[in-house]
Amino acid sequence: MRAVIWVLIMTMLLAAACRSPAPRSNEVVAVAAGTVPADPSDPIWRNAPEYAAKLLPQDLVDPRLMKASTAEVLVRAVIAGSEIAFRLEWTDPSKSDLPGAGQFIDACAIQIPARIEPDLPDPQMGMPGKPVEIAYWRADWQASVNGREDSIKSLFPNAAIDHYPYDAPPLQPGSPEQQEFAKRYAPADAVGNRREGARPNPVEDLLAEGPGTLSPATRTTSRASGVYGQPGWSVVIVRSLPEGLAPLTRTQVAFAIWEGSLDEVGARKMRSAWIPLAIREAE
Amino acid sequence: MARVYNWQIGREMSYWYPESRPQKQFAAVFDINKCIACQTCTVACKTTWTSGRGQEYMLWNNVESKPYGCYPLAWDLKLLDMLNGQEWTGNRYDGQTIFESAPAGERALGWRPETQDYAYPNVGEDDCSGQVNGGASFSMPHMNWFFYLARICNHCTYPSCLSSCPRSSIYKRPEDGIVLVDQGRCRGYQECVRACPYKKVFFNPMTGTSEKCIACFPKIEQGIQPQCFVNCIGKIRMAGWISKPENARADNPIDYLVHIKKVALPLFPQFGLEPNVYYIPPIHVPTSFTRQLFGPGVDEAIRTYRNAPNDRDLAGLLCLLGSSEMMMPRWKRQGDTVMGLDEKGVELVRVPMNEPVHIRPAFDRLYQVQRTNCP
Ligand code: SF4
Ligand code: SF4
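A. Expanded view of the site of ligand 2. Within the structure, ligand 2 sits among B:Cys45, B:Trp49, B:Trp60, B:Asn61, B:Ile152, B:Cys213, B:Ile214, B:Ala215, B:Cys216, B:Pro226, B:Gln227 and B:Cys228. Going through the elements one at a time, helix H1 (40-49) and helix H6 (227-230) of chain B are the ones with two or more residues in the shell around ligand 2.

Here it is in structure tokens:
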């Protein structure tokens, strides 16, 4: 009996050793799977090779990041059906997920050319006529998805508020009239620019044709899930498979990381160059 | 960077965009000598525009006691410290503006306040510049002093909030020069908060966008002065339109005070933004202090203001401040009466320069009682 148990243990250990750590690769290779993993700790990730994307400060357009911070982001990718999932992991000693004056948020983004063509758009947010698609994840949105209350008290626990005009009687809390009235006091929300507040999804799909041109995609179809621990963030972003990407074609992908505690925001970010993205069918 | 002309510093300077002046430029004159820091303006703005979530800390209009008061904390001192020598030769500024001294990678020299910096809306309120010893206040300028500085967005001709936004989310309206943040386009990078030297853009953590004074444009569009102007108890303010100096009109009240009489001066012209709120400097404060705030014209402005009793036009025009809620793009004086007019010269308000004075004897003979002033 003891011998059988030993054989079982040795077999399991051997199997684990064969699977992990996955070999490092010199391009991002998305491996095919039955479903895309929604969670950073899903064992499927072990099947995908890891790519260490070197990051450079964005120092080409003002405002620039003048000092390098996050050195690299570890990337794995999995495809299933019409979706591709990326797992981004990077070292971040401090979690920054509270918005405020002079406070910035940890974030990451994946950029892919909107079309597969021989001439690549600029890796810096694309260029006119050559758009890029961006999926952008943010730590405060993740906190909201994880259940952080949409209240000033989440940011300032000791805040004392008498009342907001739209909370006063006779308006019934939560009623359509009350919510409509509240929008008057949140102009960005009123015009549909929801940068903060309760949300079901911590990621936003965007398009760009060069620096300063970022705009929301018609709708966000990507989804994401980020977990903070030591040594930093582990974020899964699932987006639709880039159009035309098939086992024998390649496209390119680029990554960006913002370290909130170092005031990184917008153009002040660490970013990668274009990296080839290939698909490997299940063996 | 483009080369643009900034008349407030008497020279060309570098700016991110080429010169593009609006058809009309919103401007204001504040007479500091009349401000009593009642904060009615602050409350008028607050209750109108910023009583929502995330706006709790915001004061688009604030009044601070100088020399020590500031909101946010040390907004002026921090930048003055960064901006090295600020020498003038006559009316020409020899130092560098915040655009000219932008560090590598930045569009303007600036700094970003933190949440704590907004926690003291007027630290140093009513604190005097020094110890008041017997008799000290009886000379002019006072040996020890303080004064109230009411501040809104300056709707600058060369706004650094606007030029610092990498997304071009801030725009200056061509019809009136009002500077606004496009709430649909802003992504909350806070570059404008860093770049505005007056710290008049505020980040709203509940909407995730930056917000600022809108010069009450819905009122301006109807020819009515903004909330903080019409609610001012001290009647220190007048809103109007300013011309370029070479096009100044004597019948435009703002032009008259700023360009012709040169009695109202911009705040920190050396920053280079051509701000459009003009201050009549406090006359009781040593000009060694106010020169840094309002530029080299301070001594002359104070002389002109103190001479107002002998200058019927200036005295008359000063009576128009706070006399009507309507914008008064034109004005005229007839004898002891001064009138605010619309663009076509139609009278909007008429103000006597001398209010009739009735002296009631302290003793009321009819009722055989002593009168008092108590309500
Ligand atoms: S005062 Fe500041 S916020 Fe207002 S226009 Fe000038 S730079 Fe922009
Ligand atoms: S002009 Fe209007 S928005 Fe601006 S500070 Fe005054 S009341 Fe507030």
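B. Local environment of the domain arrangement of chain A. All names here are of chain A. Domain boundaries in chain A define domain 1 (22-150 + 201-280) and domain 2 (152-196). For domain 1 and domain 2, the distance between their C-alpha centres works out to 32 Å. For the pair domain 1 and domain 2, the summed buried surface comes to about 650 Å²; carbon and sulfur atoms form 39% of the total. Three residues stand out in domain 1 for area buried against domain 2, namely Leu98, Pro99 and Trp141, and they jointly supply 45% of the buried area on that side. Here domain 1 and domain 2 share two salt bridges between them. Applying the counting rule to domain 1 against domain 2 returns five residue pairs in polar contact (both at pLDDT 80 or more). Put simply, the parts of the chain that give the side of domain 1 that touches domain 2 at least two residues each are strand S7 (132-138) and helix H2 (139-145). Residues of the side of domain 1 that touches domain 2, tallied by class, amount to four nonpolar, no polar and five charged.

C. Geometry of the domain arrangement of chain B. Residue and element names in this part refer to chain B. Each assigned domain of chain B is listed here: domain 1 (2-130 + 144-280) and domain 2 (327-375). Distance between the C-alpha centres of domain 1 and domain 2: 33 Å. Of the residues lining the interface, 15 residues belong to domain 1; the matching set on domain 2 comes to six residues. Among the residues of domain 1 in contact with domain 2, Trp241, Asp251 and Pro253 are the three that bury the most area, contributing 37% of the side total. When the shortest N-O distance is used, the salt bridge between glutamate 343 and lysine 24 registers 3.8 Å. Broken down by secondary-structure element, the contributors of at least two residues to the side of domain 1 that touches domain 2 are strand S12 (237-242) and helix H7 (253-260). Residue contributions to the side of domain 1 that touches domain 2 peak at four residues, all from S12. Here the side of domain 1 that touches domain 2 is built from residues that sort into eight nonpolar, four polar and three charged.

D. How the structure looks around the interface of chain A and chain B. Listed per partner, the contact involves 38 residues of chain A and 36 residues of chain B. Of the roughly 3100 Å² buried between chain A and chain B, counting both surfaces, carbon and sulfur atoms make up 52%. Three residues stand out in chain A for area buried against chain B, namely A:Asp62, A:Ala101 and A:Arg268, and they jointly supply 17% of the buried area on that side. The interface formed by chain A and chain B contains four salt bridges.

E. Quick look at the site of ligand 1. The environment of ligand 1 is made up of 14 residues, and the closest members are B:Cys153, B:Asn154, B:Cys156, B:Cys161 and B:Cys196. Taken together, the residues of the shell around ligand 1 break down into nine nonpolar, three polar and two charged.

F. Layout of the sheet that holds strand S13 (residues 265-266) of chain B. Residue and element names in this part refer to chain B. Ordered by their spatial adjacency, four strands build an open sheet running S12-S3-S14-S13, and the pairing between neighbours is mixed. On the outer flanks of this sheet lie S12 and S13, each paired with one strand and no other. Pairing of S13 with strand S14 (residues 277-280), which is carried by two bridges, proceeds in the antiparallel orientation. By the bridge assignment for S14, leucine 265 is matched with tyrosine 279.

Quick notes on the rules
Residue positions are given per chain, counting from 1 as you read along its sequence in written order. For naming, the first written chain is A and the first written ligand is 1, with later ones following in the order written. With pLDDT at 70 or above as the cut-off, local features in this predicted model cover only qualifying residues; side-chain atom pairs require 80 or more to be listed or tallied, and sums for whole chains, interfaces and linings still use all residues. The side-chain values count all of the structure's non-hydrogen atoms but skip hydrogen atoms and water molecules. Proximity criterion: a residue is near a molecule or strand once any of its heavy atoms comes within 4 Å of it. Every helix listed is a DSSP run of H or I at least four residues long, and every strand listed is a run of E at least two residues long, numbered separately from the N terminus. The split of the chain into domains comes from an automatic or database domain assignment. Accessible area, probed at 1.4 Å, shrinks when two parts are joined; the buried area is that loss added up over both. Salt bridges are defined by distance alone: a side-chain nitrogen of Lys or Arg within 4 Å of a carboxyl oxygen of Asp or Glu. Polar contact is the term for a pair of N or O atoms within 3.5 Å; when the atoms are in protein, one must be able to donate a hydrogen and the other to accept it, and sequence-neighboring residues count only if both atoms are side-chain atoms. Note on residue categories: nonpolar means Ala, Val, Leu, Ile, Met, Phe, Trp, Tyr, Cys or Pro, charged means Asp, Glu, Lys or Arg, and polar means any other residue, Gly included. Note on definitions: a residue-residue contact is assigned when non-hydrogen atoms from the two residues lie within 4.5 Å. Any two strands with at least two DSSP-identified bridges between them are counted as paired.

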